[in-house]
Amino acid sequence: MTQRLVIQLPMEQAYRRRGLFALELLDGATLSRVSEGVKVTAHGLRRPASVNASGLFVWREERLDDLTSISIEPRTVPFLSREVDRAELRLPPLSNPITAIELVPRVDYDFPAGITGMRGTLVEDRVAPLVPVTDAELHLLWLDEDSTTWHDAATRSRTNARGDFVSFLRLAATDVPQVDATGALTVRLRARRGAVDERSSLDVMLVQGRVADPTTLDAKTFAWDELQT
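Nothing here was measured: the structure is a model prediction, and the numbers come from that model.

A. Spatial organisation of unusual backbone geometry. P93 follows P92 through a cis peptide bond whose omega is 10°. Along the polypeptide, P93 turns up in the loop between β7 (82-85) and β8 (98-103). The amide bond that connects A128 to the next residue, P129, takes the cis arrangement and shows omega of -5°. Within the secondary structure, P129 is located in the loop between β9 (116-123) and β10 (137-143). Positioned with a positive phi, D135 is a non-glycine residue whose angle comes to about 55°. Positionally, D135 belongs in the loop between β9 and β10. For S147, which is not glycine, the phi torsion reads 70° and is therefore positive. Its location among the elements puts S147 in the loop between β10 and β11 (150-152).

Shown next, in the form of structure tokens:
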């Protein structure tokens, strides 16, 4: 999911003189700026982006008529690839033409302490051999302290070719999830494939501030045919 954010930062003199538009890449877990280890391509433009001193990807003066989209391909950093359509970009003549894009962590991302989530696998059913559900969109639902309201996590991840995924919460300061006596949150895994086929798991308990990994006692394997519509 692409989020367009207006970044209220003073722009460098060089950007004000010659900059056309800019892209800010953010780590979807920590919201820190990512400026290395990714290949960013603006399809339809002749000139490549340069990275300025602030870590923004900046395109210099050029006609934008042929710009169709921007692809983001991680090379040495553990994020999913992204394709950003032109309509999602802040472009001139809009003021402050900077678009912030959150990069979604892959399964092999090393999460810092304080992030709540889980790694797991999504399969068609539990009949051997297990068949992975690939390229499904996933996110967590978390239960509010009132015990009746479910909220969608902002970040959407995807299953890989093996059906593996990581899904996590990034709670705002005003969010108050229900937490039991052991410090665990009640969540559900929400999965979607295609345009309308969307289902949820039963309740899952996750220890707050930790990304749970599969174990021999809890494989964290979810079967599509067991999910609830």
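B. Looking closely at the side chain of D164. Counting through the fold element by element, D164 comes out in strand β13 (residues 164-169). Apart from residues lying up to four places away in sequence, D164 is in contact with V107, G120, T121, R158 and T159.

C. Fine view of the nonpolar core. Formed by 29 residues in total, the largest nonpolar core has its most connected members in F21, L23, L25, W59, L67 and I70. Elements supplying a minimum of two residues to this core: β1 (19-27), β3 (38-43), β5 (57-60), β6 (69-74), β8 and β13. Membership of the second largest hydrophobic core comes to 20 residues, among which are V133, L185, A212 and F222.

D. How the structure looks around the sheet that holds β3. The strand order across the open sheet built from three strands is β3-β6-β7, with neighbouring strands paired in antiparallel fashion. In this open sheet, the two strands that pair with only one neighbour each are β3 and β7. The mean angle between the axes of side-by-side strands here comes to 15°, regardless of whether they run parallel or antiparallel. Inspection of the sheet shows β6 paired to β7 by four bridges, in the antiparallel sense. Note on β7: the bridge partner recorded for I72 is R82.

Thresholds, definitions, all that
- Residues numbered from 1 in each chain as written.
- Predicted model: local features only at pLDDT ≥ 70, side-chain atom pairs only at ≥ 80, totals over all residues.
- Heavy atoms only, no water.
- Helix = DSSP H or I, 4+ residues; strand = E, 2+ residues; numbered from the N terminus.
- Contact = heavy atoms within 4.5 Å.
- Core = buried A, V, L, I, M, F, W, Y, C linked by side-chain atoms within 4.5 Å.
- Buried < 20%, exposed > 50% of the residue type's maximum accessible area, 1.4 Å probe, protein only.
- Pairing = 2+ DSSP bridges.
- Axes fitted to C-alpha atoms, helices over the stretch in contact; angles between N-to-C directions.

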